[in-house]
Amino acid sequence: MSKNTEKSGSASLTYLTKEGFRNIRSNKLMSLASIAVLMSCLVLIGVASLLFVNINIMLGDISQQNVIMVYIQDDATDEQIEQMGAEIQGISNVATSTFIPKEEAFPEVMESIGTAAALFEGMESDLLPDAYEVTLKDMELYDETVSSLEQLDNIIQLRHNRDFAQQLTTLRTTAGYISIAVIAMLLVVSLFIISNTVRVTMYNRRLEIRIMKSVGATKWFIRWPFIVEGIVLGVIAGVVSLAIVFGIYEAGIKAVGNMLSILSSKPAPFADYALNMLVAFVATGVITGAIGSIVSMNKYLKEQDYDSDNVSE
Amino acid sequence: MIEFKNVSKSYENGTLALDNVSLKIEQGEFVFIIGDSGAGKSTLLKIMMREEVATHGTVVIKNRLLNTMKKRDIPYFRRHLGIVFQDFRLIPNMTVYDNVAFAMRVIGSKEKKISKRVPYVLSMVGLADKSKAMPNQLSGGEQQRVALARAIVNNADIIIADEPTGNVDAKRSREIVEMLNKINATGTTVIMVTHSEDLVRQYGRRVITIQDGKIKSDDISRAGIVAESSALPPDLNLSARRAIREADEFIRNYKPEGEKRISGGESDE
């Protein structure tokens, strides 16, 4: 017998890779359809993720504005005030604490009340006490932090808005759950659509697979070009999706930018998430492309499977 | 070379496709398998191709027991076979050349070898000038000849043709059988399944008739090639048999002022 029964050690990876690219070219329509399906899924997931990132940031910014004011007794000495500052910083959930001397506090309040400030004209600027303005790291630990602050010596009182803080925390947690649920749902739907697309592609290519089997191509020789094809389509879809998400995001920011600035919140810069998103997109594309091909091909590669299409009896 | 011993095959739905079939086909034979639809012909071929496994009995092809063959060995076993289907099964977006080359590429042959072998095989089936054509530009008969070229391009020992004349007219059918005859003359075993008893009658070959999963008749006395090849020493290898046969054919067809015969292309052997 000739060399045709040798184990195909000479199986060239270059040929198989080239074949993968050739498959893409010769099945243009199906390749385009696969890219479009994968892209729609990735764009939806990408836009949803960025939306939730921004909602989270916005809620975070709003909570940061909900400061706790610690008013200090007038007879407290400079050392006591300084020590109090150190103690506040020592509380683990405190993000920042800023000392606001009474001289600064009065003009600030005057400014914030606008024309009504005329009513307070001629009053002493040390009308208000010295204070520490405290911001927190985690709003969920609001109550605990307030009780720790209340333990401090030399304080007149704390000014805080517990209800608002609680509402914001609830809102943020709810938004978090919703975002996870929506993204998970989109992922499931995407996997379903993508797996169906791959299945249709494989169905269209069953003739090639059958011919390869009948002339004695090994399973991996049959699989490899399809895997290359899946990977290439995945990469293309990943990169293009990122560009589309960027476009949608920038347009979206332009549209709602003013509203955000009213809330004194800034949208998350796309660049901060671009790399992560690109990696995630390409990985999703590659994994779904490659694994999708392998899984849906197994049906056609199974030996002993009864091939009902082939019955000519 | 091919031996079925008390082979039965039943499918999960309870259909008994083959019922205690025993047959032996020697190397270099040309065998027609005929029978009505549902008689079990295709199952017989599928078992030969190791697409199906016999439920009972043993199948030995080229000294390999197919019943217990490991899955990973199946592709290497199939390289001994050249399969021709009724519906041609050409890849529509590949040229004639690439369709034939495809069979070599997928078993890892080098391009250099492919570029020598494919034109030779195409000229054998009379399609040397159509190598750049696409399958849809060819007639049914031509498409089947491409399929035939693909089946023989890897030097298969056994050609299995499943109703190769089913989709072509009578004249083209004869052409295809002639071509299979030519391939058989080089020592390759040919097994052809057909519905057409008329076609079978024109050639004095061994005919196995299958009915209801059983062998109804096996006209082994007409196994012309077996009788002829018995004149050659039994231990002669395939290449030697081919060489002797080609020389014999050359002498028989030799005309001093005759046209030039096709030659070459077997450089890889």
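Here is a short report on the structure shown in this document.

Calculation notes
- Residues numbered from 1 in each chain as written.
- Chains lettered and ligands numbered in written order.
- Predicted model: local features only at pLDDT ≥ 70, side-chain atom pairs only at ≥ 80, totals over all residues.
- Core = buried A, V, L, I, M, F, W, Y, C linked by C-beta atoms within 7 Å.
- Buried ≥ 20, exposed ≤ 12 C-beta atoms within 10 Å, placed from the backbone.
- Helix = DSSP H or I, 4+ residues; strand = E, 2+ residues; numbered from the N terminus.
- Pairing = 2+ DSSP bridges.
- Right-handed = clockwise from strand over helix to strand, strands pointing away.
- Expected span 1.5 Å × (residues − 1).
- Contact = placed C-beta atoms within 7 Å.
- Axes fitted to C-alpha atoms, helices over the stretch in contact; angles between N-to-C directions.
- Bend = angle between axes of the 7 residues up to and from the residue.

Counting 104 residues, the largest nonpolar core has V100, A149, I159 and I160 of chain B as its most contacted members. At 11 residues, helix α8 (residues 219–262) of chain A tops the list of elements feeding residues into this core. Formed by 10 residues, the second largest nonpolar core is a distinct cluster that contains I68, M84, A131 and V134 of chain A.

Turning our eyes to something else, we now look at the pairing of strand β7 (residues 158–162) of chain B. Residues and elements named next belong to chain B. Where burial is concerned, most of β7 is hidden: 5 out of the 5 residues are buried. Here β7 shows a buried face lined by I158, I160 and D162 and a second buried face lined by I159 and A161. Pairing between strand β6 (residues 81–84) and β7: 4 bridges, direction parallel. Paired with V84 across the bridge in β7 is A161. In the sheet, β7 pairs with strand β8 (residues 189–194) via 5 bridges, with the strands oriented parallel. For I159, the partnering residue across the bridge sits in β8 and is V190. In this view, the connection linking β7 to its parallel neighbour β8 by way of helix α6 (residues 170–185) has right-handed handedness.

This paragraph deals with helix α1 (residues 13–26) of chain A. An ideal rise of 1.5 Å per residue puts 20 Å on 14 residues; α1 of chain A measures up with 20 Å between its terminal C-alpha atoms. By the burial criterion, the buried members of α1 of chain A are Y15, L16, G20, N23 and I24 of chain A.

Glancing now at the sheet that holds strand β1 (residues 2–10) of chain B. Residue and element names in this part refer to chain B. Spatially, 4 strands are ordered β2-β1-β4-β5 in an open sheet, and the strand pairing comes out antiparallel. The open sheet terminates on both sides in strands that have one partner only, identified here as β2 (16–25) and β5 (64–65). Here β1 pairs with β2 via 6 bridges, running antiparallel. Paired with S10 across the bridge in β2 is L16. Across the sheet, helix α1 (residues 41–48) touches β1, β2 and β4 (56–61), and the angle it forms with β1 is around 120°.

Another point: helix α9 (residues 270–301) of chain A. All names here are of chain A. Its 32 residues place the ends of α9 44 Å apart at the C-alpha level, agreeing with the 46 Å of an ideal helix rising 1.5 Å per residue. Of all bends in α9, the biggest is about 30°, found at N276. All of the buried residues along α9 are M277, F281, V282, T284, G285, T288, G289, G292, S293 and M297.

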